[in-house]
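A structural walkthrough
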Amino acid sequence: SEENNLKHKVSLTNKKDLLIEGVKTIDSFDSNEFLVETIMGYMHIEGKGLMLGKMDNDNEELTIKGEINKLEYVNSNKDKEKSFLKKSCLVLKKKL
């Protein structure tokens, strides 16, 4: 049953190989950050040279490779979007 599968686990090896279990979707990602929806809420991952290793939808597992510098749970996707928007606005203001 679905209740038996509700498991969230995070495993980081040598700051380079990240395995996350209990992943619903990847909202966005690039080489510096990933925003992932897990069964325990949204998770924000920051680093350098980040790459999507494998997304196994059947087992709700995600692997990310690269230099992992920060793992953070965020309240919601909207909070994260506000953060991205604020960052973009600051960059624009500096350029103007």
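Residues numbered from 1 in each chain as written. Predicted model: local features only at pLDDT ≥ 70, side-chain atom pairs only at ≥ 80, totals over all residues. Heavy atoms only, no water.

1. A short note on the nonpolar core
A general tendency of soluble globular proteins is for nonpolar side chains to be buried together. As a reminder, the rule being used: Side-chain atoms within 4.5 Å link the members of a nonpolar core, which is a set of buried Ala, Val, Leu, Ile, Met, Phe, Trp, Tyr and Cys residues. In this scheme, a residue with accessible area under 20% of its type's maximum is buried, one over 50% is exposed, and one in between is partly exposed, where area comes from a 1.4 Å probe on protein chains only. Helix and strand assignments follow DSSP, with helices taken as H or I runs no shorter than four residues and strands as E runs no shorter than two, numbered in order from the N terminus. Residue contacts follow a heavy-atom distance rule, with two residues in contact if any of their heavy atoms lie within 4.5 Å.
Listed in full, the eleven residues of the largest apolar core are L18, I20, V23, F34, V36, M43, I45, L50, L62, I64 and I68. Those elements that place two or more of their residues in this core are β2 (17-21), β4 (33-38), β5 (41-56) and β6 (61-74). Sequence-distant contacts of I64, defined by excluding residues within four places in its chain, comprise K16, D17, L18, F34, I45, L50, M51 and G53.

2. Structural notes on the side chain of T38
Counted only if it meets this: Counted as a polar contact is a pair of N or O atoms within 3.5 Å, where, for protein atoms, one must be capable of donating a hydrogen and the other of accepting one, and residues adjacent in sequence contribute only when both atoms are in side chains.
Within the secondary structure, T38 sits in strand β4. Among the polar contacts listed, one links the side chain of T38 to the backbone nitrogen of M40, at a separation of 3.0 Å. There is a polar contact of 2.7 Å between the side chain of T38 and the backbone oxygen of G41. Beyond its immediate chain neighbours, meaning those up to four positions away, T38 contacts H8, I20, G22, V23, K24 and M43.

Spatial relationships are all this shows, so hold off on functional conclusions.
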